[in-house]
Amino acid sequence: MKNKNLPNGTRDEFGTQAEVKEQIQMKLLKIFKERGFRKLTTPVVEYSDVFEPLSTDNYRPYQFLDEQGETLVLRPDLTLPVARVMSTTGVDLPVKWYYSGDVFRVKKRLSGSYNQTTQAGIEIIGYKGIKADWECLAVALAGCRAMNLNDVTVEISQAKFVDTVVQQLNLPEPTGNSLKQALFAKDLSRYESLWSPLKETEFAPFLAEWPWLFGDFDKVISVVQTLPKTSELKKIIDDLIATKQFINQQFPDDQVTLDLSVRSPQSYYTGMAFRGFTGKSADYLFSGGRYDNLLTNFQKVKASAVGLAFDVDALVERTPLPPEPKQTLIYFDDQQWQLAEQKLAEVPNATLCLAETKQAAKQLADSNDSDLIDLTESR
Ligand SMILES: N[C@@H](Cc1c[nH]c[nH+]1)C(=O)O
(Lines give C-alpha, C1' and ligand atoms only; values in the text may rest on other atoms or scores of the structure.)
Protein backbone atom coordinates (compact mmCIF):
# COMPACT_ATOMS: atom_id res chain seq x y z
CA MET A 1 0.00 0.00 0.00
CA LYS A 2 1.66 3.20 -1.14
CA ASN A 3 -1.16 5.66 -0.53
CA LYS A 4 0.78 7.62 2.08
CA ASN A 5 3.95 7.92 0.04
CA LEU A 6 4.79 10.29 -2.76
CA PRO A 7 6.34 9.13 -6.03
CA ASN A 8 10.09 9.50 -6.07
CA GLY A 9 11.25 13.07 -6.71
CA THR A 10 7.97 14.82 -5.89
CA ARG A 11 7.00 16.87 -2.84
CA ASP A 12 4.15 18.66 -1.13
CA GLU A 13 4.52 22.38 -0.54
CA PHE A 14 2.61 24.32 2.08
CA GLY A 15 2.69 27.31 4.42
CA THR A 16 5.44 29.91 4.23
CA GLN A 17 7.52 28.04 1.65
CA ALA A 18 4.56 27.71 -0.73
CA GLU A 19 3.63 31.36 -0.15
CA VAL A 20 7.17 32.56 -0.91
CA LYS A 21 7.05 30.55 -4.11
CA GLU A 22 3.77 32.16 -5.07
CA GLN A 23 5.19 35.63 -4.40
CA ILE A 24 8.23 34.91 -6.56
CA GLN A 25 6.02 33.71 -9.38
CA MET A 26 3.84 36.82 -9.10
CA LYS A 27 6.90 39.09 -9.24
CA LEU A 28 8.18 37.37 -12.37
CA LEU A 29 4.81 37.41 -14.09
CA LYS A 30 4.51 41.12 -13.31
CA ILE A 31 7.84 41.80 -15.03
CA PHE A 32 6.78 39.77 -18.09
CA LYS A 33 3.47 41.63 -18.30
CA GLU A 34 5.02 45.04 -17.80
CA ARG A 35 7.31 44.39 -20.75
CA GLY A 36 4.36 43.60 -22.99
CA PHE A 37 4.44 39.80 -23.04
CA ARG A 38 1.12 37.96 -23.41
CA LYS A 39 0.03 34.90 -21.48
CA LEU A 40 0.09 31.42 -22.98
CA THR A 41 -1.10 28.30 -21.18
CA THR A 42 -0.65 24.77 -22.47
CA PRO A 43 -1.82 21.45 -21.03
CA VAL A 44 0.28 19.42 -18.61
CA VAL A 45 -0.27 16.32 -20.76
CA GLU A 46 0.82 16.17 -24.42
CA TYR A 47 1.50 13.53 -27.09
CA SER A 48 5.04 12.30 -26.72
CA ASP A 49 5.84 13.31 -30.34
CA VAL A 50 5.79 16.98 -29.31
CA PHE A 51 8.97 16.38 -27.34
CA GLU A 52 10.83 14.41 -30.01
CA PRO A 53 13.40 17.20 -30.61
CA LEU A 54 14.43 16.93 -26.95
CA SER A 55 17.57 14.96 -26.23
CA THR A 56 16.98 13.36 -22.87
CA ASP A 57 20.42 12.24 -21.78
CA ASN A 58 19.91 13.15 -18.15
CA TYR A 59 16.26 12.36 -17.71
CA ARG A 60 13.27 10.72 -19.34
CA PRO A 61 9.63 11.82 -19.37
CA TYR A 62 6.77 10.25 -17.40
CA GLN A 63 4.83 8.28 -20.00
CA PHE A 64 1.47 6.60 -20.18
CA LEU A 65 -1.07 5.52 -22.79
CA ASP A 66 -4.40 7.12 -23.64
CA GLU A 67 -7.47 5.01 -24.47
CA GLN A 68 -6.43 4.77 -28.15
CA GLY A 69 -3.01 3.47 -27.21
CA GLU A 70 -1.21 6.74 -28.07
CA THR A 71 1.76 7.58 -25.87
CA LEU A 72 1.19 10.63 -23.69
CA VAL A 73 3.73 12.36 -21.50
CA LEU A 74 3.71 14.83 -18.65
CA ARG A 75 5.47 17.77 -20.31
CA PRO A 76 9.23 17.70 -19.63
CA ASP A 77 9.68 21.13 -21.27
CA LEU A 78 7.60 24.23 -21.87
CA THR A 79 9.25 25.55 -25.04
CA LEU A 80 8.23 22.66 -27.29
CA PRO A 81 4.53 23.04 -26.47
CA VAL A 82 4.86 26.72 -27.46
CA ALA A 83 6.27 25.63 -30.83
CA ARG A 84 3.32 23.24 -31.20
CA VAL A 85 0.86 26.06 -30.44
CA MET A 86 2.50 28.28 -33.04
CA SER A 87 2.05 25.64 -35.72
CA THR A 88 -1.59 24.90 -34.96
CA THR A 89 -3.16 28.26 -34.19
CA GLY A 90 -2.03 30.55 -37.01
CA VAL A 91 -1.08 33.39 -34.63
CA ASP A 92 0.61 36.22 -36.52
CA LEU A 93 4.30 36.74 -35.90
CA PRO A 94 6.10 38.33 -34.18
CA VAL A 95 4.78 37.41 -30.74
CA LYS A 96 6.04 37.55 -27.17
CA TRP A 97 4.61 34.91 -24.82
CA TYR A 98 4.98 34.33 -21.12
CA TYR A 99 3.97 31.25 -19.15
CA SER A 100 4.45 29.51 -15.86
CA GLY A 101 3.90 25.92 -14.94
CA ASP A 102 5.47 22.67 -13.86
CA VAL A 103 7.74 20.45 -15.93
CA PHE A 104 8.27 16.76 -15.14
CA ARG A 105 11.62 15.08 -15.69
CA VAL A 106 12.32 11.63 -14.31
CA LYS A 107 15.92 11.84 -13.15
CA LYS A 108 18.19 9.09 -11.91
CA ARG A 109 16.84 7.65 -8.69
CA LEU A 110 19.48 8.97 -6.31
CA SER A 111 20.28 12.19 -8.15
CA GLY A 112 18.86 14.14 -5.20
CA SER A 113 16.94 16.48 -7.46
CA TYR A 114 13.20 16.78 -7.86
CA ASN A 115 11.33 15.39 -10.85
CA GLN A 116 8.74 18.15 -10.78
CA THR A 117 9.94 21.72 -11.07
CA THR A 118 8.16 24.99 -11.58
CA GLN A 119 9.26 27.24 -14.39
CA ALA A 120 8.22 30.76 -15.35
CA GLY A 121 9.43 31.87 -18.75
CA ILE A 122 9.12 33.78 -21.98
CA GLU A 123 9.37 32.97 -25.67
CA ILE A 124 9.96 35.66 -28.31
CA ILE A 125 9.04 34.36 -31.75
CA GLY A 126 9.61 36.07 -35.09
CA TYR A 127 12.74 38.19 -34.50
CA LYS A 128 16.07 37.22 -36.06
CA GLY A 129 18.20 39.94 -34.57
CA ILE A 130 20.26 40.07 -31.41
CA LYS A 131 17.88 42.53 -29.76
CA ALA A 132 15.53 39.60 -29.02
CA ASP A 133 18.35 37.68 -27.30
CA TRP A 134 19.14 40.79 -25.27
CA GLU A 135 15.51 41.24 -24.29
CA CYS A 136 15.63 37.71 -22.83
CA LEU A 137 18.76 38.57 -20.88
CA ALA A 138 17.23 41.85 -19.71
CA VAL A 139 14.17 39.99 -18.44
CA ALA A 140 16.35 37.34 -16.78
CA LEU A 141 18.50 39.84 -14.94
CA ALA A 142 15.59 42.14 -14.06
CA GLY A 143 13.93 39.05 -12.55
CA CYS A 144 17.02 38.29 -10.46
CA ARG A 145 17.14 41.90 -9.28
CA ALA A 146 13.52 41.75 -8.24
CA MET A 147 14.54 38.79 -6.02
CA ASN A 148 17.42 40.84 -4.55
CA LEU A 149 19.96 38.61 -6.25
CA ASN A 150 22.53 41.20 -7.25
CA ASP A 151 25.63 39.18 -8.00
CA VAL A 152 24.51 36.92 -10.78
CA THR A 153 26.96 35.21 -13.12
CA VAL A 154 25.64 34.80 -16.64
CA GLU A 155 27.30 31.87 -18.37
CA ILE A 156 27.04 32.25 -22.12
CA SER A 157 27.52 29.42 -24.58
CA GLN A 158 26.94 29.07 -28.31
CA ALA A 159 25.17 26.04 -29.77
CA LYS A 160 26.74 26.42 -33.20
CA PHE A 161 30.31 27.10 -32.14
CA VAL A 162 31.57 23.52 -31.83
CA ASP A 163 30.11 22.41 -35.18
CA THR A 164 31.41 25.53 -36.92
CA VAL A 165 34.95 24.87 -35.72
CA VAL A 166 34.85 21.11 -36.38
CA GLN A 167 33.71 21.84 -39.92
CA GLN A 168 36.60 24.25 -40.40
CA LEU A 169 39.08 21.56 -39.31
CA ASN A 170 38.05 19.48 -42.31
CA LEU A 171 38.59 16.18 -40.52
CA PRO A 172 37.35 12.99 -42.18
CA GLU A 173 34.23 11.53 -40.58
CA PRO A 174 33.80 9.95 -38.11
CA THR A 175 36.90 11.67 -36.63
CA GLY A 176 35.20 15.10 -36.50
CA ASN A 177 32.26 13.73 -34.60
CA SER A 178 34.48 11.67 -32.27
CA LEU A 179 36.51 14.79 -31.48
CA LYS A 180 33.31 16.59 -30.57
CA GLN A 181 32.15 13.76 -28.30
CA ALA A 182 35.56 13.53 -26.59
CA LEU A 183 35.50 17.29 -26.02
CA PHE A 184 32.02 17.21 -24.46
CA ALA A 185 32.87 14.20 -22.31
CA LYS A 186 36.20 15.84 -21.33
CA ASP A 187 37.85 12.57 -22.35
CA LEU A 188 41.25 14.21 -22.63
CA SER A 189 43.37 11.29 -23.77
CA ARG A 190 40.97 10.50 -26.60
CA TYR A 191 40.70 14.20 -27.47
CA GLU A 192 44.50 14.49 -27.63
CA SER A 193 44.91 11.52 -29.92
CA LEU A 194 42.14 12.74 -32.23
CA TRP A 195 43.54 16.22 -32.78
CA SER A 196 47.24 15.27 -32.86
CA PRO A 197 47.31 15.01 -36.70
CA LEU A 198 46.60 18.78 -36.74
CA LYS A 199 49.58 19.68 -34.49
CA GLU A 200 51.42 21.43 -37.31
CA THR A 201 48.43 23.47 -38.51
CA GLU A 202 47.19 26.96 -37.74
CA PHE A 203 44.49 25.37 -35.54
CA ALA A 204 47.00 23.96 -33.05
CA PRO A 205 47.07 26.83 -30.49
CA PHE A 206 43.28 26.70 -30.30
CA LEU A 207 42.94 22.91 -30.23
CA ALA A 208 45.46 22.60 -27.41
CA GLU A 209 43.27 24.84 -25.25
CA TRP A 210 39.77 23.85 -26.35
CA PRO A 211 38.80 21.49 -23.49
CA TRP A 212 39.57 24.33 -21.05
CA LEU A 213 37.71 26.99 -22.97
CA PHE A 214 35.36 28.06 -20.20
CA GLY A 215 35.41 30.72 -17.50
CA ASP A 216 36.80 34.21 -17.86
CA PHE A 217 35.14 35.77 -20.90
CA ASP A 218 38.10 37.74 -22.26
CA LYS A 219 40.53 34.83 -21.85
CA VAL A 220 38.24 32.47 -23.75
CA ILE A 221 37.70 35.01 -26.52
CA SER A 222 41.46 35.64 -26.86
CA VAL A 223 41.99 31.92 -27.55
CA VAL A 224 39.13 31.87 -30.07
CA GLN A 225 40.71 34.85 -31.84
CA THR A 226 43.68 32.62 -32.79
CA LEU A 227 41.40 30.68 -35.17
CA PRO A 228 41.32 31.61 -38.85
CA LYS A 229 38.11 33.60 -39.20
CA THR A 230 35.37 32.50 -41.53
CA SER A 231 32.43 34.88 -41.83
CA GLU A 232 30.32 32.50 -39.73
CA LEU A 233 32.87 32.39 -36.92
CA LYS A 234 33.32 36.16 -37.05
CA LYS A 235 29.57 36.67 -36.60
CA ILE A 236 29.55 34.27 -33.62
CA ILE A 237 32.46 36.10 -31.96
CA ASP A 238 31.06 39.57 -32.67
CA ASP A 239 27.68 38.64 -31.18
CA LEU A 240 29.28 37.15 -28.06
CA ILE A 241 31.41 40.25 -27.47
CA ALA A 242 28.49 42.62 -28.10
CA THR A 243 26.35 40.58 -25.66
CA LYS A 244 28.97 40.78 -22.95
CA GLN A 245 29.13 44.55 -23.45
CA PHE A 246 25.36 44.75 -23.28
CA ILE A 247 25.27 42.94 -19.92
CA ASN A 248 28.15 45.02 -18.54
CA GLN A 249 26.39 48.24 -19.48
CA GLN A 250 22.88 47.34 -18.38
CA PHE A 251 23.72 45.20 -15.36
CA PRO A 252 27.15 46.33 -14.12
CA ASP A 253 26.92 44.25 -10.92
CA ASP A 254 26.62 40.97 -12.78
CA GLN A 255 29.46 38.83 -14.12
CA VAL A 256 29.72 37.25 -17.55
CA THR A 257 31.57 34.01 -18.29
CA LEU A 258 31.84 32.06 -21.51
CA ASP A 259 31.86 28.31 -22.12
CA LEU A 260 32.75 27.17 -25.63
CA SER A 261 33.54 23.55 -24.81
CA VAL A 262 30.15 22.29 -23.66
CA ARG A 263 27.24 20.57 -25.27
CA SER A 264 24.33 22.95 -25.80
CA PRO A 265 22.03 23.04 -22.74
CA GLN A 266 19.10 22.08 -25.02
CA SER A 267 19.41 20.04 -28.19
CA TYR A 268 17.12 22.50 -30.01
CA TYR A 269 19.28 25.59 -29.51
CA THR A 270 20.85 27.04 -32.65
CA GLY A 271 22.61 30.15 -31.37
CA MET A 272 23.58 31.83 -28.14
CA ALA A 273 22.46 30.16 -24.93
CA PHE A 274 22.71 31.52 -21.40
CA ARG A 275 22.34 30.39 -17.83
CA GLY A 276 22.37 32.37 -14.61
CA PHE A 277 24.05 31.30 -11.36
CA THR A 278 24.70 32.81 -7.95
CA GLY A 279 27.34 31.99 -5.37
CA LYS A 280 28.91 28.57 -5.62
CA SER A 281 25.74 26.66 -6.34
CA ALA A 282 25.70 24.53 -9.48
CA ASP A 283 21.93 24.94 -9.82
CA TYR A 284 21.01 27.56 -12.37
CA LEU A 285 18.41 30.27 -11.74
CA PHE A 286 17.45 30.67 -15.38
CA SER A 287 18.32 29.02 -18.65
CA GLY A 288 17.53 30.07 -22.19
CA GLY A 289 18.71 30.41 -25.74
CA ARG A 290 17.94 30.89 -29.40
CA TYR A 291 16.17 28.15 -31.35
CA ASP A 292 15.65 29.19 -34.96
CA ASN A 293 14.77 25.75 -36.35
CA LEU A 294 12.41 24.36 -33.75
CA LEU A 295 9.27 25.58 -35.41
CA THR A 296 10.17 23.79 -38.64
CA ASN A 297 9.66 20.52 -36.76
CA PHE A 298 6.00 21.39 -36.55
CA GLN A 299 5.37 23.45 -39.69
CA LYS A 300 6.91 24.31 -43.05
CA VAL A 301 7.75 27.92 -42.35
CA LYS A 302 10.92 28.79 -40.56
CA ALA A 303 10.65 31.19 -37.67
CA SER A 304 13.33 32.65 -35.46
CA ALA A 305 12.82 32.35 -31.76
CA VAL A 306 14.55 32.89 -28.46
CA GLY A 307 13.37 32.37 -24.92
CA LEU A 308 14.25 31.60 -21.37
CA ALA A 309 12.79 30.03 -18.26
CA PHE A 310 13.42 30.71 -14.60
CA ASP A 311 13.70 27.73 -12.28
CA VAL A 312 11.27 29.06 -9.67
CA ASP A 313 12.27 26.38 -7.14
CA ALA A 314 15.92 27.44 -7.38
CA LEU A 315 14.85 31.03 -6.71
CA VAL A 316 12.84 29.90 -3.66
CA GLU A 317 15.90 28.10 -2.29
CA ARG A 318 17.88 31.34 -2.39
CA THR A 319 15.18 33.43 -0.75
CA PRO A 320 15.36 33.59 3.05
CA LEU A 321 11.98 32.55 4.48
CA PRO A 322 10.36 35.47 6.37
CA PRO A 323 9.46 34.96 10.04
CA GLU A 324 5.92 33.65 10.52
CA PRO A 325 3.75 36.74 11.20
CA LYS A 326 1.59 36.67 14.35
CA GLN A 327 -2.01 35.98 13.46
CA THR A 328 -5.16 37.28 15.16
CA LEU A 329 -8.09 34.91 15.64
CA ILE A 330 -11.55 36.49 15.58
CA TYR A 331 -13.90 34.48 17.77
CA PHE A 332 -17.64 35.12 17.34
CA ASP A 333 -20.94 33.33 17.67
CA ASP A 334 -23.27 32.18 14.89
CA GLN A 335 -25.32 35.42 14.95
CA GLN A 336 -22.27 37.69 14.58
CA TRP A 337 -21.08 36.83 11.11
CA GLN A 338 -21.54 40.38 9.81
CA LEU A 339 -19.55 41.87 12.67
CA ALA A 340 -16.85 39.24 12.28
CA GLU A 341 -16.53 40.13 8.61
CA GLN A 342 -16.06 43.80 9.55
CA LYS A 343 -13.32 42.94 12.05
CA LEU A 344 -11.66 40.70 9.50
CA ALA A 345 -11.48 43.62 7.07
CA GLU A 346 -10.09 45.97 9.76
CA VAL A 347 -7.49 43.86 11.54
CA PRO A 348 -4.31 43.04 9.64
CA ASN A 349 -3.33 39.40 9.44
CA ALA A 350 -6.55 38.12 10.97
CA THR A 351 -8.57 35.00 10.37
CA LEU A 352 -12.01 33.90 11.47
CA CYS A 353 -11.89 31.49 14.39
CA LEU A 354 -14.26 28.66 13.55
CA ALA A 355 -14.03 26.93 16.92
CA GLU A 356 -17.39 26.20 18.54
CA THR A 357 -16.64 27.26 22.09
CA LYS A 358 -14.73 30.10 23.68
CA GLN A 359 -12.53 27.61 25.47
CA ALA A 360 -11.61 25.87 22.21
CA ALA A 361 -10.84 29.29 20.69
CA LYS A 362 -8.50 30.14 23.59
CA GLN A 363 -6.73 26.82 23.30
CA LEU A 364 -6.25 27.31 19.59
CA ALA A 365 -4.87 30.83 20.10
CA ASP A 366 -2.44 29.52 22.76
CA SER A 367 -1.21 26.64 20.69
CA ASN A 368 -0.67 28.82 17.58
CA ASP A 369 0.75 31.72 19.56
CA SER A 370 -1.97 33.93 18.08
CA ASP A 371 -3.83 36.94 19.48
CA LEU A 372 -7.52 36.43 20.13
CA ILE A 373 -10.32 38.94 19.63
CA ASP A 374 -13.50 37.71 21.30
CA LEU A 375 -16.56 39.36 19.74
CA THR A 376 -18.95 37.55 22.08
CA GLU A 377 -17.65 39.64 24.99
CA SER A 378 -18.83 42.93 23.52
CA ARG A 379 -22.51 41.82 23.52
N1 LIG B 1 12.85 25.29 -22.12
C2 LIG B 1 14.20 25.61 -21.75
C3 LIG B 1 14.37 27.07 -21.42
C4 LIG B 1 14.01 27.91 -22.60
C5 LIG B 1 12.92 28.65 -22.81
N6 LIG B 1 13.04 29.17 -24.05
C7 LIG B 1 14.17 28.80 -24.57
N8 LIG B 1 14.78 28.01 -23.71
C9 LIG B 1 14.61 24.77 -20.53
O10 LIG B 1 13.76 24.22 -19.85
O11 LIG B 1 15.79 24.67 -20.26
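Residues numbered from 1 in each chain as written. Predicted model: local features only at pLDDT ≥ 70, side-chain atom pairs only at ≥ 80, totals over all residues. Heavy atoms only, no water.

1. Focus: the confidence of the model for the protein chain
Defined as follows: As a per-residue quantity, pLDDT reports the predictor's confidence and falls between 0 and 100.
Mean pLDDT for the protein chain: 93, with 97% of residues reaching 70 or above. Interface confidence in the predicted complex, given as ipTM, is 0.99; pTM for the same model is 0.93.

2. A word on the nonpolar core
Basically, it comes down to this: We call a set of buried residues a nonpolar core when its members are Ala, Val, Leu, Ile, Met, Phe, Trp, Tyr or Cys and they connect through side-chain atoms within 4.5 Å of each other. The buried label goes to any residue with under 20% of its type's maximum accessible area, the exposed label to any with over 50%, and the partly exposed label to all in between, with areas taken from a 1.4 Å probe on protein chains only. Per the convention used, a helix needs a DSSP run of H or I reaching at least four residues, while a strand needs a run of E reaching at least two, with both numbered from the N terminus. Note on contacts: a residue pair is in contact if any heavy atoms of the two residues lie within 4.5 Å.
Within the largest apolar cluster, 70 residues are counted, with the highest numbers of intra-cluster contacts made by Phe-32, Phe-161, Phe-206, Trp-210 and Phe-286. The element contributing the most residues to this core is helix H3 (residues 130–146), with eight residues. Phe-286 has contacts with Ala-140, Leu-141, Cys-144, Val-152, Val-154, Phe-274, Arg-275, Gly-276, Leu-308, Ala-309, Phe-310 and Asp-311, leaving out every residue within four places of it along the chain. Counting 26 residues, the second largest nonpolar core, distinct from the first, contains Leu-40, Val-95, Tyr-268 and Ala-303.

3. Looking at the UniProt feature "binding site: L-histidine" (unreviewed entry) in the protein chain
What counts, and what does not: UniProt positions are given in the numbering used here, feature names are shortened, and annotations may be inferred rather than shown by experiment.
As recorded in UniProt, the sites labelled "binding site: L-histidine" (unreviewed entry) are Asp-77, Leu-78, Thr-79, Arg-105, Gln-119, Glu-123, Tyr-268 and Tyr-269. Inspection of the secondary structure assignment puts Leu-78 in the loop between strand S5 (71–74) and helix H2 (79–89). On the accessibility criterion, Leu-78 (3% relative accessible area) is buried. In contact with Leu-78, other than residues within four places in its own chain, are Thr-42, Tyr-99, Gly-101, Val-103 and Gln-119. Mapped onto the elements of the fold, Arg-105 is located in the loop between strand S6 (95–104) and strand S7 (106–107). Apart from the residues lying within four places of it in its own chain, the contact partners of Arg-105 are Tyr-59, Arg-60, Pro-76, Asp-77, Tyr-114, Asn-115, Gln-119, Gln-266 and Tyr-284.

4. Concerning the sheet that holds strand S4 (residues 63–65)
Put simply, the test is: Two strands are counted as paired when DSSP detects at least two bridges linking them. Under this scheme, a helix contributes an axis fitted over its contacting stretch, all axes are lines through C-alpha atoms, and angles between N-to-C directions fall in the 0 to 180 degree range.
Spatial ordering of the open sheet is given by S2-S5-S4, a layout of three strands whose pairing is antiparallel. Each having just a single partner strand, strand S2 (45–47) and S4 make up the two edges of the open sheet. Within the sheet, the average angular offset between the axes of one strand and its neighbour, ignoring direction, is 40°. Bridge count between S2 and S5: three bridges; the pairing is antiparallel. Residue Val-45 lies in a different strand from S5, and its bridge partner there is Leu-74.

5. What about the pattern of salt bridges?
Put simply, the rule reads: Salt bridge, as used here, is a side-chain nitrogen of Lys or Arg placed within 4 Å of a carboxyl oxygen of Asp or Glu.
As enumerated under the stated definition, the model contains 18 salt bridges in all. Residue Arg-84 is joined to Glu-46 by a salt bridge in which the shortest nitrogen-to-oxygen separation is 2.7 Å. Residue Arg-84 is found in helix H2, and its partner Glu-46 is found in strand S2; the two are separated by 38 residues along the sequence. Across the pair Lys-234 and Asp-238 runs a salt bridge, and its minimum N-O distance is 2.7 Å. In this pair, Lys-234 and Asp-238 both sit in helix H9 (residues 231–250), four residues apart, roughly one turn of the helix. Among the residues examined, Lys-234 registers a relative accessible area of 42% and is labelled partly exposed. A relative accessible area of 35% places Asp-238 in the partly exposed class.

6. What about the site of the ligand?
Our working rule: One heavy atom within 4 Å of a molecule or strand makes the whole residue count as near it. Any pair of N or O atoms that falls within 3.5 Å is considered a polar contact. Within protein, one atom must be able to donate a hydrogen and the other to accept it, and sequence-neighbouring residues count only if both atoms are side-chain atoms. Working definition of accessibility: Shrake-Rupley area with a 1.4 Å probe, residue cover restricted to the visible protein chains. Under this grouping Gly is polar, as are all residues other than the nonpolar Ala, Val, Leu, Ile, Met, Phe, Trp, Tyr, Cys and Pro and the charged Asp, Glu, Lys and Arg.
In the vicinity of the ligand, 16 residues are found, and the nearest of them are Asp-77, Thr-79, Glu-123, Gln-266 and Tyr-269. Between the ligand and Thr-79, the relevant distance is 2.8 Å, taken from a nitrogen atom to a side-chain nitrogen or oxygen of the residue. In the environment of the ligand, a nitrogen atom lies 3.4 Å from a nitrogen or oxygen atom belonging to the backbone of Gly-307. Out of a free accessible area of 300 Å², the ligand has 99% covered by protein chains. For the shell around the ligand, the elements supplying multiple residues, two or more each, are strand S8 (116–125), strand S13 (286–290) and strand S14 (305–311). Here the shell around the ligand is composed, by residue class, of six nonpolar, seven polar and three charged.

7. Observations concerning the packing of helix H8 (residues 217–224) against H9
Defined as follows: Each angle receives one of four descriptions, namely roughly parallel if under 35 degrees, roughly antiparallel if over 145, roughly perpendicular if within 65 to 115, and oblique otherwise. Note on convention: near helix rotated counterclockwise from far helix by under a right angle means a left-handed crossing. Clockwise means right-handed.
Direction vectors running N to C along H8 and H9 enclose 165°, while the axes themselves pass 12 Å from each other. Here H8 lies roughly antiparallel to H9, going by the angle between them. Considering how the two elements wind past one another, H8 and H9 form a crossing that is left-handed. Contact with H8, carried on its side by Phe-217, Asp-218, Ile-221 and Val-224, involves Ile-237, Leu-240, Ile-241 and Lys-244 of H9 and no other residues of that element.

8. Looking at the side chain of Ser-304
By secondary structure assignment, the location of Ser-304 is in the loop between S13 and S14. For Ser-304, the residues in contact, after removing those within four places along its chain, are Ile-124, Ile-125, Gly-126, Tyr-127, Lys-128, Arg-290 and Asp-292.

9. Regarding H8
Quick reminder of the rule: Our arc is simply the arc of the directions from the helix axis toward the C-beta atoms.
Within H8 the residues assigned to the buried category are Phe-217, Val-220, Ile-221, Val-223 and Val-224. All buried residues of H8 lie within an arc of 160° about the axis, which places them on one face of the element. Buried residues along H8 sit in contact with helix H4 (161–169), helix H7 (204–209), strand S10 (214–216), H9 and strand S11 (255–259). Between a side-chain oxygen at the N-terminus of H8 and the backbone nitrogen of Asp-218 the separation is 3.3 Å; the capping residue is Asp-216.

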